[in-house]
Amino acid sequence: MSRANPLPTASAVARHVVLLALAAVVLLPFAWMISTSLKPQSEVFLSEIRWWPDRLHVVENYTAAFAKAPLLQFLLNGAIVTTSIFALQVLIALPAAYALAKLRFYGRDTVFALVLFCILIPAQAIAVPLFLLFHQFGILDTYAALVLPFIISVFGIFLMRQFFLSVPDDLVDAARMDGISEFGIVWRIMLPTAIPAITAFGIFSVVAHWNDYFWPLIVLNSESLFTPPLGVATFRNSEAGTDYGPLMAAATIIIAPLVIAFLFAQRRFIEGIAFTGLK
Amino acid sequence: MAQLAISNVRKSFDRTEVLRGVDIEIEHGEFISLVGPSGCGKSTLLRIVAGLESPTGGDIVIEERNVNDVRASRRDLAMVFQSYALYPHLSVFDNIAVPLRMRRLNAWQRLPGAAWIIPGTRGTQQQIRTEVERVADLLGLTDLLGRKPSQLSGGQRQRVAVGRAIVRRPKAFLLDEPLSNLDAKLRVHMRTEIAQLHRSLGATFIYVTHDQAEAMTMSDRIAVMMAGSIVQIGTPDEIYNRPQDIRVAEFIGSPKINILPGTTDADGRVRVLGLSIDQPVEAAPGTAVQVGIRPEAIRMATGAEPAWKGRVDHVENLGSEIFLHVAVGGIDGPILCRLESVEARTIGIGSTVALCPKTTAVNFFDAAGNRLAVRSMSYLQVANG
Amino acid sequence: MADLALQHGGTTVVRRAHRRPHDARRAREQWTAVVLSFPALFLMFLLLIGPVATVLIISFTDYQLGAPSVGLVGLQNYQDLFSDRVFWKSLGNTLRYVAIVVPASVAFGLAVALLIESGEGLKSFYRAVFFVPVMATLIAMAISWEYMLHPQFGLINLLLKQIGLAPQSWLTDPHLVLPTLAAIGIWQLFGFNMVLFLAGLVSIPRHLYDAAALDGAQSAWSRFWLVTWPMLGPVTMFVVLISAVRSFQVFDTVHVLTKGGPNKASEVLLYTMYSEGFEFFRSGQAAAVAVVFLAFVLTLTVIKARLIEKRVHYL
């Protein structure tokens, strides 16, 4: 445990051996997925383990993936939906969080209690009424249906309120004395101050909604609106275990954006998801 | 006519009375300190003056205009905060420029690129630049204008906060414990800087602190606050030498004043621990009196004169002076006595010493802690002047 | 210094603001707060609180999407549910899934965190590797898993064959399907738990280990029991509850890999709710399942919220 007593070399080696073995197991599905995405059909169905194909079929598989399904459209949909959700979440949560943290007003405790209560509600439990509501509005099978349920992030309000509590009241008072309006304080002072918290929340939000399968599955019909998970699942259903090369290529493409972003900013991702995941 | 008048200001949070009717009149150009222990209401009072808090009752009048319903930003006061409250995302330049931009540019002109589109913007921006640079020069911040607050030391941040206040040329400066986040050495240095700044600006300063040394060293006048009321207002000299209340006597001065129990005799002289002090007070014979004697007002007795005899418990050697803690019969705590190093060098712990007060520097308080006047009886012989 | 104005938060001050509407500054602050929090409050009612109330109401009706009339049926939906073998199967499967995933992912998470922290090299590398499954799109990975679990050509069975074991039909054998899904769940979740444990470990003051060593806890093992484990206790409680909530929500892998089969062997609560509500459009039935699901998840989160209130000192 203690860093003060470095382990003897033998146990240091043992540590690496165990961890590397575990890492290999954990990465197996990724490795196998990528490996398969390089194989021609004839090498997919083999009765032996072959990590590197005899005949490389990269170009064929990846072009096939793009040809059989509008993968770029799925990725674009994912980007549109996640950024819209995040932008609206901040737009709505930030002023409320500021009010809860820094203003004294009648009903503040009630509003905060409601926020705490809403954090407890799992999204899946209210899928039925939301579906019916959107059906009433006639907005099923639209981008709006994908985005709307998530624009109110009570967890975001909670998180930013906690962050604002740690901002000295003096800063708000200084802004008031400098002549900045309350609205200006929210966007010109609190927003830039809260960038670390907002980044963490943003990573959490984007990852969660990029990967969300349940809600898009319920509200979407048109393939042109599919988000990445829904797209790749549909791809698989239409291919039903026949053409694994292009399917694995498609899966690789779908996970690539987040995984690559993660590799570039591991620390931020881990902090963002771990710390916001405490909800 | 006072520039800033605080009259009968009261404030309560729920049932807790934080301010119980405070009155202060502040003259133009005056440096006044609000000093008192934590929770005495001094910061709340300052925030009420600033307009950041509303009083439960009473009025704030600035230049004969009642500002009770005027917003903080329109009172033309500048405030320096304890935590400096610098905008963490803005450079030093921008921090200082904010109050000017907010006042002189409208919302459209503050947008990036407005200088190319809206007439007059560029001129105003140029003006703001000049003024910020002048202030930065005055405070020695010129080289730091491009930095962010996180890249500054405590003292530099403090200066930026001051810069942001003076760039506005406000009617008065409000300073809320501005030095309490600095280390001891820098605090002493900044004390001088702020006092000099006050002299060079000639502006009104209202300075809140719990540190009596800051109040003593910088102020024209000090208002001592206790439990939501002002106990005494006066010059540092008056506050130190003629405290009107025993709480003031105890709060001001470090180390603390000695408070000894006494009783008046038939002549009004006070007998303290067997020693009679030759200063008759305005009190009936036999009244219990609290006698306050500052450590420097106690000296070593010479020869056979009547004195308090006691054992030295502890010696604090500060180099230039020495504090003796002397245990004397009849009281619980020791008597604290300040001596020049030369006269005390030979006194060791455990030795017995004889002490007596410098009679003219003794303060008398009644049982409730109010100052007792000394009878002006010049015919009485002053024993040891 | 303590500023009384700050110490007195919330209600007390607020009540007076209400009593003294003539106080211009207070009134302004009240108005500002209302304007700033209104959008959030409105949407909270429209998209969260309203739907929760509605799901309760719908569960007492025979509502079906597109049906001409709606009627209150009282507890009929719940009676139907509780007399339905599939529902009990679904609930049982969900609880079994949770019972496998939670202990395993917590234990793995803790073990890996301890291993990583026990030495110096490659810390952030390991941390990143074990975290990848947490954020990689689960649906895509489920498809990869499906291929790996393929009875004939799947990597897992090929590996088993190499070491002389019999291949299995992982996703079609009723006895294996739930543990198999649970394994995928563990694979996906334990990296998350590891990160929480790492945070907990890092915040244990190092001088405690020095003190333990001076007090005679010489081996790493004894230091673990003397310092690490007690200090991690509250974190562990958190991790257990978070894992339970997460695994209760299992749906993606079931929907893509098994559709609840074979013969309902992998039917779980959310999948039941999904098929009732969005395949058969029996909204009333689906709402009743949702209420049961909500009851379980709420219980878990309320316990967790209680823990947060107690302010675990290092999270």
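These numbers come from a predicted model, not from an experiment.

Draft legend 1. How the structure looks around the overall build of chain B. Helices and strands together make up the secondary structure of chain B, namely 10 helices and 20 strands. Referenced to the eigenvectors of the C-alpha coordinate spread, the extents of chain B come out at roughly 90 × 45 × 40 Å. Pairs at least 24 residues apart make up 65% of the contacts formed inside chain B by residues separated by at least 6 positions. Counting only carbon and sulfur atoms, one obtains 48% of the accessible surface of chain B, whose full area is about 16900 Å². Averaged over its 44 positive side-chain charges, chain B has a centre that lies 7 Å from the centre of its 41 negative ones.

Draft legend 2. Just the nonpolar core, in detail. Counting residues in each nonpolar core, the largest one holds 241 residues, and the members touching the most others are Phe164 of chain A together with Phe130 of chain C. When near neighbours in sequence (up to four residues on either side) are disregarded, phenylalanine 164 of chain A contacts Leu94, Ala97, Tyr98, Ala101, Lys102, Met190 and Ala194 of chain A.

Draft legend 3. Focus on the packing of helix α4 (residues 71–102) of chain A against helix α3 (residues 24–58) of chain C. Contact geometry for α4 of chain A and α3 of chain C: axes closest at 8 Å, N-to-C directions at 135 degrees. As judged from the angle between their axes, α4 of chain A and α3 of chain C are oblique. The element α4 of chain A and its partner α3 of chain C pack so that their crossing is left-handed. Across from Ile92, Pro95, Ala96, Tyr98, Ala99 and Lys102 of chain A in α4 of chain A, the residues of α3 of chain C making contact are Glu29, Ala33, Leu36, Ser37, Pro39, Ala40 and Leu43 of chain C. Taken together, the residues of the contact of α4 of chain A with α3 of chain C break down into 10 nonpolar, one polar and two charged.

Draft legend 4. Just unusual backbone geometry, in detail. All names here are of chain B. Omega for the bond connecting serine 254 with proline 255 falls within 30 degrees of zero, at -5 degrees, which places this linkage in the cis form. Along the chain, the position of proline 255 falls in the loop between α9 (246–251) and β11 (258–264). Positive phi outside glycine occurs at alanine 85, with the angle close to 50 degrees. The topology assignment puts alanine 85 in the loop between β6 (77–80) and α2 (92–104). The class of alanine 85 is buried, set by a relative accessible area of 3%. Phi is positive for arginine 169, close to 50 degrees, though the residue is something other than glycine.

Draft legend 5. Focus on the domain arrangement of chain C. All names here are of chain C. Looking at chain C, the domain boundaries give domain 1 (2–58) and domain 2 (76–309). Domain 1 puts four residues into the contact, and the matching count from domain 2 is seven residues. For the domain 1 and domain 2 pair, buried surface summed over both sides reaches about 380 Å², with 81% attributable to carbon and sulfur atoms. Three residues, Val55, Leu56 and Ile58, lead the burial of domain 1 against domain 2; their summed loss comes to 89% of the area buried on that side. Joining domain 1 to domain 2, the criterion identifies zero salt bridges. Linking domain 1 to domain 2 there are zero residue pairs in polar contact (both at pLDDT 80 or more). Looking at the side of domain 1 that touches domain 2 residue by residue, the class counts come to four nonpolar, no polar and no charged.

Draft legend 6. Quick look at the state of the cysteines. Under the criterion given, the structure shown has zero disulfides over all chains. We note that cysteine 356 of chain B lacks a disulfide partner, and the nearest cysteine sulfur, in cysteine 337 of chain B, lies 9.7 Å from it.

Draft legend 7. Broad picture of helix α8 (residues 155–162) of chain C. Within α8 of chain C, the full set of buried residues consists of Leu155, Asn157, Leu158 and Leu160 of chain C. Check the buried side of α8 of chain C and you find it contacts α1 (9–37) of chain A together with α7 (138–148) of chain C. One or two positions beyond α8 of chain C, positive phi appears at glycine 164 of chain C, with a value near 85 degrees.

Draft legend 8. Expanded view of the pattern of salt bridges. A full pass over the atoms with the stated rule returns 30 salt bridges over all chains. Ionic pairing is found between arginine 247 of chain B and aspartate 245 of chain B, a salt bridge with its closest N-O pair at 3.2 Å. A network of salt bridges, in which partner residues are shared, links Arg104, Asp173, Arg176 and Glu182 of chain A, Arg47 and Glu53 of chain B together with Arg26 of chain C.

Thresholds applied
Residues numbered from 1 in each chain as written. Chains lettered and ligands numbered in written order. Predicted model: local features only at pLDDT ≥ 70, side-chain atom pairs only at ≥ 80, totals over all residues. Heavy atoms only, no water. Helix = DSSP H or I, 4+ residues; strand = E, 2+ residues; numbered from the N terminus. Contact = heavy atoms within 4.5 Å. Areas by Shrake-Rupley, 256 points an atom, 1.4 Å probe, with all protein chains shown as cover. Lys, Arg positive; Asp, Glu negative; His and termini not counted. Charge placed at Lys NZ, Arg CZ, Asp CG, Glu CD. Core = buried A, V, L, I, M, F, W, Y, C linked by side-chain atoms within 4.5 Å. Buried < 20%, exposed > 50% of the residue type's maximum accessible area, 1.4 Å probe, protein only. Axes fitted to C-alpha atoms, helices over the stretch in contact; angles between N-to-C directions. Parallel < 35°, antiparallel > 145°, perpendicular 65-115°, else oblique. Left-handed = near helix turned anticlockwise from the far one by under 90°. Nonpolar A, V, L, I, M, F, W, Y, C, P; charged D, E, K, R; others polar. Domains from an automatic or database assignment. Buried area = accessible area lost by both parts, 1.4 Å probe. Salt bridge = Lys/Arg side-chain N within 4 Å of Asp/Glu carboxyl O. Polar contact = N/O pair within 3.5 Å; in protein donor to acceptor, adjacent residues only side chain to side chain. Disulfide = S-S within 2.5 Å.

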